[in-house]
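Spelled out, the chains give:
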Amino acid sequence: MSTSTRRILLDPSGLKASPLTPPVSKSDAQRALVLGHLTGAWPLPSVQAESDEDLPADVRVLRRGVEALRLPPGPVRAVDCADGGAPFRILATQVAVTPGARVSLTGTPRLGERPHGPLFTSLKDALGPAGLVLTEGSPWPVELTAPTDTSKVSPVFRVPGDQSSQYASSLLLGCAALFLRERRAWSVEIEGTLTSAGYLELTLTWLERFGFEVQKSDSRYTVSSYTPPPSVPSLPGDWSSLGYLLLVAWKAGGTVERADSASAHPDQAILRLIEQVGLGTTPAGPAHTLKVTGRPAGGLRASGKECPDLLPTLAALACVLPAPSTLTDVGILRLKESDRLEGIRDLVKAYGGTTELQGEILHLTPPVAPPARFEMDSRGDHRLAMTAATLSVLSGATLVLTGPECVEKSFPGFWRQLSRSGARISEQL
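Summarised in this report is the structure supplied together with it. Here the structure is a predicted model, which means the values were calculated and not measured.

### Structural notes on helix α9 (residues 239-252)
Item 1. Its 14 residues place the ends of α9 19 Å apart at the C-alpha level, agreeing with the 20 Å of an ideal helix rising 1.5 Å per residue.
Item 2. Most of α9 is tucked away, with 13 of its 14 residues classed as buried.
Item 3. Two residues or fewer past α9, Gly 253 is found with a positive phi of approximately 80 degrees.

### Thoughts on the packing of helix α6 (residues 117-127) against helix α7 (residues 165-182)
Item 1. It is at 9 Å that the axes of α6 and α7 come closest, and there the two elements cross at 30 degrees. If you check the angle between α6 and α7, you find them roughly parallel. Crossing of α6 against α7: the hand is right-handed. Counted together, Pro 118, Leu 119, Ser 122 and Leu 123 of α6 and Tyr 167, Ser 170 and Leu 171 of α7 form the full contact between these two elements.
Item 2. The residue inventory of the contact of α6 with α7, partitioned by class, reads five nonpolar, two polar and no charged.

### Quick notes on the packing of aromatic side chains
Item 1. Per the counting criterion, the structure on display carries nine aromatic pairs.
Item 2. Seen from their ring centres, Phe 88 and Trp 140 are 5.4 Å apart, and the 80 degrees between their planes marks the pair as edge-to-face. With a gap of 52 residues between them, Phe 88 in helix α4 (residues 85-96) and Trp 140 in the loop between β5 (133-136) and β6 (142-145) connect regions that are remote in the sequence. In this structure, Phe 88 and Trp 140 share a single accessibility class: buried.

### Notes on the sheet that holds strand β19 (residues 398-402)
Item 1. One open sheet accounts for four strands, arranged β18-β19-β1-β20; its pairing is mixed. Each edge of the open sheet is held by one strand with a lone partner, namely β18 (373-377) and β20 (424-427). Across this sheet, the average inter-strand angle for adjacent strands is 20 degrees, counted without regard to direction.
Item 2. Relative to the sheet, helix α13 (residues 382-395) contacts β1 (7-11), β18 and β19, its axis offset from that of β19 by approximately 170 degrees.

### Describing the side chain of Asp 267
Item 1. Within the secondary structure layout, Asp 267 lies in the loop between β11 (255-256) and α10 (270-273).
Item 2. Of the side chains with opposite charge, Arg 383 comes closest to the buried, unpaired Asp 267, at an N-O distance of 5.5 Å.

### Looking at the sheet that holds strand β14 (residues 301-303)
By definition, the strands of a sheet pair up through backbone hydrogen bonds, in either a parallel or an antiparallel sense.
Item 1. One open sheet holds the four strands; their spatial order is β14-β15-β17-β16, and the pairing between them is mixed. Looking at which strands have only one partner, the edges of the open sheet turn out to be β14 and β16 (354-358). The sheet shows a mean angle of 15 degrees between the axes of neighbouring strands, direction not considered.
Item 2. As judged from the three bridges shared by β14 and strand β15 (residues 325-328), these two strands associate in the parallel manner. The partner of Ser 303 across the bridge, within β15, is Thr 328.
Item 3. Contacts from helix α11 (residues 311-318) reach β14, β15 and β17 (361-365), with the element oriented near 170 degrees to β15.
Item 4. In the packing of helix α12 (residues 340-350) onto the sheet, contacts are made with β16 and β17, and the angle to β16 comes to roughly 150 degrees.

### With respect to helix α8 (residues 197-209)
Item 1. Here α8 contains 13 residues, and its C-alpha end-to-end distance of 19 Å stays within 8% of the 18 Å for a straight helix at 1.5 Å per residue.
Item 2. Burial in α8 covers these residues: Tyr 199, Leu 200, Leu 202, Thr 203, Leu 204, Thr 205, Trp 206 and Leu 207.
Item 3. Among the structural elements, α1 (26-39), α7, β8 (186-191), β9 (212-217), β10 (220-226) and α9 are those in contact with the buried residues of α8.
Item 4. Directly beyond the C-terminal end of α8, a positive phi value near 100 degrees is found at Gly 211.

### A look at the packing of α1 against α8
Item 1. The N-to-C vectors of α1 and α8 enclose an angle of 40 degrees; their axes lie 10 Å apart at closest approach. If you check the angle between α1 and α8, you find them oblique. Once α1 is placed against α8, the crossing between them reads as right-handed. Here Ser 27, Asp 28, Arg 31, Ala 32 and Leu 35 of α1 come into contact with α8, specifically with Tyr 199, Leu 202, Thr 203, Trp 206, Leu 207 and Arg 209.
Item 2. Here the residues of the contact of α1 with α8 sort into six nonpolar, two polar and three charged.

How each quantity is defined
The residue count restarts for each chain, going from 1 along the sequence in the order it is written. Restriction of local features to residues with pLDDT of at least 70 applies here, the model being predicted, together with a cutoff of 80 or more for giving and counting side-chain atom pairs; totals for whole chains, interfaces and linings are based on all residues. The basis for every side-chain value is the complete set of non-hydrogen atoms in the structure, without hydrogens or water. Secondary structure elements follow DSSP: runs of H or I no shorter than four residues count as helices, runs of E no shorter than two count as strands, and numbering proceeds from the N terminus. To estimate the expected span of a helix, subtract one from its residue number and multiply by 1.5 Å. Type-normalised accessible area, obtained with a 1.4 Å probe on protein chains alone, sets the label of each residue: buried when under 20%, exposed when over 50%, and partly exposed for intermediate values. With axes taken as lines fitted to C-alpha atoms, and helix axes fitted only over the stretch in contact, angles between N-to-C directions fall between 0 and 180 degrees. In these notes the angle categories are as follows: under 35 degrees is roughly parallel, over 145 is roughly antiparallel, 65 to 115 is roughly perpendicular, and the rest is oblique. Should the near helix be turned anticlockwise from the far one by less than a right angle, the crossing is left-handed, and should it be turned clockwise, the crossing is right-handed. Contacts are assigned to residue pairs with any non-hydrogen atoms lying within 4.5 Å of each other. Polar here means any residue other than Ala, Val, Leu, Ile, Met, Phe, Trp, Tyr, Cys and Pro, which are nonpolar, and Asp, Glu, Lys and Arg, which are charged; Gly is therefore polar. Aromatic contacts are taken between Phe, Tyr and Trp rings whose centres are within 6.5 Å, Trp giving its six-membered ring; a plane angle under 30 degrees counts as stacked, one over 60 as edge-to-face, and the others as tilted. DSSP calls a pair of strands paired once it identifies at least 2 bridges connecting them. A positive count includes Lys and Arg, and a negative count includes Asp and Glu. His and the chain ends are not counted in either. Each reported salt bridge corresponds to a side-chain nitrogen of Lys or Arg within 4 Å of a carboxyl oxygen of Asp or Glu.

Structure follows, in structure tokens:
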């Protein structure tokens, strides 16, 4: 559970049609920051254009880590990754492939509990013979001293794919760094089935946008060449955040901005998934602005293999649908910033609905008589906080939420956007 004692009251009774704007995509920004650093496009213009108060905390963490790597070799640099799983994993590899780098990584207790072993094993197996030193605390700090010369080791990382695609993404970004330094191809071989494959595809898209050629053969991905692009790619809006805003805008009759349908982000699947229940989007006004229309019918079905970060958002929608819904491949949710699977079940219960878990399948049944008010603890998890708020708006029920500040991780301006939609937010003493 969250250790926060701060509570807010969200009253959605005064909704109005307003344009809502997501932050830049943290998943895109993290990849672009690393590639901008490697290719000389630093500081990255799209990130510089964002104010710090609107920049997701995970992006700020990764930026600080890259800035530490850009300092001249010297004493051990300390980087606090907070609860950012992707920044931590990406930085671990970037430290390991930066000649002579010495960095001590720390984070929250929850981040220390999340699985990182397969990534560490892959780094040690590939770079250990060249002199990589990686030591783990209990769980912190994780200290890495990078080798100064990797030209004699076999240029391949091997990593299992069943726990997280972030391992493979991190290692592929490492391959880009090694290719630029050594001018020889480096590969990632993925063992077994890859979960959340869309995020690896996002990494491949950004490598290509920055001028890298990646050859794909079965489960092997090889960075084989580099040609500087004509310009530095810009960052899209965050489709994970757009999931909440699209539903809020549908209820309030408003629109959402920065919804680039050409984005490679896996959570763009929200557009297709809501069509299952009779909702759809149409262009509205300026480019990349959408309006959601339709009347809900039936229940929905979605898989954690495709878009795990959307499942909480879709659970909020499922609570106000006229029929039960099914979420599959949900085990991956237990390994997030909190046990997000139990968080979803707690939210549904708080709202008066029921859930039934059968292995990797979660059946969700909306309540017969929805409540006028419900309470939820965010567990310090940004997605659970925003999901609870989305359910409040969709249902019209007042929400008392403990730990609202955790939205800083991915969407610092979330509560401001809800206020723009007419929701009234006040401190609850």
